[in-house]
Amino acid sequence: QVQLVESGGGLVQAGGSLRLSCAASETIFGINVMGWYRQASGKQRELVAQIISGGRTNYADSVKGRFTISRENARNTVYLQMNSLKPEDTAVYYCRLQRSGVDSWGKGTLVTVSS
């Protein structure tokens, strides 16, 4: 199973920025979907952004125009650039890799946005 390790979370004021990283234990080159999900306290986990191996991206409506997902295959890493953060973005952010026969999740990184 592919191991995924998230980093880059922390405490930031509203309007600020953070960049999350997700490092995979093996190559992410090839046909796969990598995504960022988040789970706020007392809420269900939700999709934030996805990037398909061909480069196509999908975003939740709540983050469109503020967040950008990208991947660097040479580093086996996926990023989530988060700008104009809002208190409602506070959550644990998880990385996910999906490909044939594989569905791996990281352990998450906490993002807290203060008002």
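This report concerns the structure included in the present document.

Definitions and limits used
Position numbers for residues count from 1 along each chain, tracking the sequence in the order it is written. This being a predicted model, a pLDDT of at least 70 is required before a residue's local features are given, and a value of 80 or more before pairs of side-chain atoms are given or counted; all residues contribute to the totals for chains, interfaces and linings. Excluded from the side-chain calculations are hydrogens and water; all other atoms, namely the structure's heavy atoms, are used. In this description, the term disulfide denotes a pair of cysteine sulfurs within 2.5 Å. Strands here mean DSSP runs of E at least two residues long; helices mean DSSP runs of H or I at least four residues long; both are numbered from the N terminus. Categorising residues by exposure relies on relative accessible area from a 1.4 Å probe, with only protein chains included: less than 20% of the type maximum marks a residue as buried, more than 50% marks it as exposed, and the intermediate range marks it as partly exposed. When a carboxyl oxygen of Asp or Glu is within 4 Å of a side-chain nitrogen of Lys or Arg, the pair counts as a salt bridge.

1. Digging into the state of the cysteines
Link 1 in the chain: The final tally for this structure, using the stated rule, is 1 disulfide.
Link 2 in the chain: The side chain of C22 participates in a disulfide bridge whose partner is C95; the two sulfur atoms lie 2.1 Å from each other. The sign of the S-S torsion, about -80°, decides the handedness of the disulfide formed by C22 and C95: left-handed. Separated by 73 residues along the polypeptide, C22 in strand β3 (residues 18–24) and C95 in strand β9 (residues 91–99) bring together distant segments of the chain. Across this residue pair, the class does not change: C22 and C95 are buried.

2. Focus on the pattern of salt bridges
Link 1 in the chain: In the structure shown here, the tally under the stated rule is 7 salt bridges.
Link 2 in the chain: In this structure, R66 and D89 form a salt bridge, with 2.8 Å as the shortest nitrogen-oxygen distance. Taken together, the residues R66 in the loop between β6 (57–59) and β7 (67–72) and D89 in the loop between β8 (77–82) and β9 connect sequence positions 23 residues apart. Judged on exposure class, the residue R66 and its partner D89 are both buried.

Keep in mind that these numbers describe shape and distance, not what the molecule does.
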